[in-house]
Amino acid sequence: MSNQTFSPRKVEKGAWRLWHKDAVRLMGRLGLFWIVLWCGGLPALAYVLFQAFEGTIGYLISMYFMQVLGVLAQPVLAHALDKAASGHPPAPAEAFKSALLEITANPKWFLLRMGGQMVALVVFLLFLLVLITFLSSASANGAPAPSVNAPYYNGMVNLVICMVLTPIVLRMGGMMGFYYYLRIRHGLDTRTSIRLNAISEQKNGPILWISVLSVFAIFLIVSNMGLLSLFLLPALHWYHAAYLRCAYHDIFEGGTGVEEKVAQTNPGLSPVIQV
């Protein structure tokens, strides 16, 4: 059996800016179809769910459904970006087929992620309950009560936020975790994946933290732009996937993740950890 060496390298101080630049370039290679599909399809889906499931329970089910969709969308984006990075227009049918094969080959990993989203949703609801209780208490003590006359589209925006927030923030290893590439794309065992990801964080901690703050700042700005958020958040979903891909290729494979053709990963290769 051949050995392939995965040795996370220490990148330059300004690497996070280059990753933003390369992510924009990679987004430009996707083609109009993918942008229209995501930026039009997700708001439309949120509208259907918002109309179909009335009441608190139905809305919570919709929120969880969007979170699950965020988990399942991750391999779709990854395979489409692979094709775009190599200079070929990503075919939707091919990307969805590759993602389906990847999900069926790793059902346990994806099921655990879906279960984790349920826990995350419960924690969020508990936080929201505490917040509402605090605001109600403050209102009873003479503080002005917050306005509840929110625009109609806020419910749909919240659903899209649930979908986009899942693969961006609520992911194993956080916003800049490389577990998906190490564990799923390269077929490494869990212990090796955790070890390699820890080495990359140890070598590039400040750069990765700056990356997290910059991407999360964009997320906060976009998610508070009202009706426009419905269309910008799906685009941000792609942008984060492209940014993460560029960071992964820079740290683990010494490339930009844009100009070089993507090599086919051989599951039979056995990685050797080097510090």
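Since this is a predicted model, take the numbers as computed values, not measurements.

Would you mind going over the overall build of the protein with me for this structure?
For the protein, the count of helices and strands is nine helices and two strands. Its helices and strands in sequence order give the protein the pattern β-α-α-α-α-α-α-α-α-α-β, from N to C terminus. In the protein, the proportion of contacts linking residues at least 24 apart, taken out of those at least 6 apart, comes to 81%. Taken as a whole, the protein presents about 14100 Å² of accessible surface, with 68% of it coming from carbon and sulfur.

Even after reading the chapter, I still don't get the packing of aromatic side chains, so can you show me in this structure?
Centre distance and the angle of the planes are the two values used to describe a pair of aromatic rings. Taken as a whole, this structure holds 16 aromatic pairs when the rule is applied. Judged by centre distance (6.0 Å) and plane angle (75°), the ring pair of F33 and W34 falls under edge-to-face. Overall, the relative accessible area of 0% leaves W34 in the buried class. Plain terms: the ring middles of F178 and Y248 are 6.1 Å apart, the flat faces sit at 50° to each other, and that makes the pair tilted. Taken together, the residues F178 in the loop between α6 (154–168) and α7 (179–185) and Y248 in helix α9 (residues 229–252) connect sequence positions 70 residues apart. The buried category is assigned to F178, whose relative accessible area is 0%. According to the relative accessible area criterion, Y248 is buried, its value standing at 1%. Members of the aromatic cluster, each reached through a chain of ring pairs, are W109, F110, F178, Y180, Y181, Y248 and F252.

I tried to follow the nonpolar core on my own but got confused; where do I start?
A general tendency of soluble globular proteins is for nonpolar side chains to be buried together. In this structure, W19, W38, M176, F178 and W238 are the most contacted members of the largest nonpolar core, which totals 70 residues. Per-element tally for this core: the top contributor is α9, with 14 residues. Discounting residues that sit within four places of it in the chain, W38 has contacts with P43, A73, V76, L77, M163, P234, H237 and W238.

Here is what the cut-offs are and how they apply
Residues numbered from 1 in each chain as written. Predicted model: local features only at pLDDT ≥ 70, side-chain atom pairs only at ≥ 80, totals over all residues. Heavy atoms only, no water. Helix = DSSP H or I, 4+ residues; strand = E, 2+ residues; numbered from the N terminus. Contact = heavy atoms within 4.5 Å. Areas by Shrake-Rupley, 256 points an atom, 1.4 Å probe, with all protein chains shown as cover. Phe/Tyr/Trp six-rings, centres within 6.5 Å; stacked < 30°, edge-to-face > 60°. Buried < 20%, exposed > 50% of the residue type's maximum accessible area, 1.4 Å probe, protein only. Core = buried A, V, L, I, M, F, W, Y, C linked by side-chain atoms within 4.5 Å.

This is a description of form; function is not addressed.
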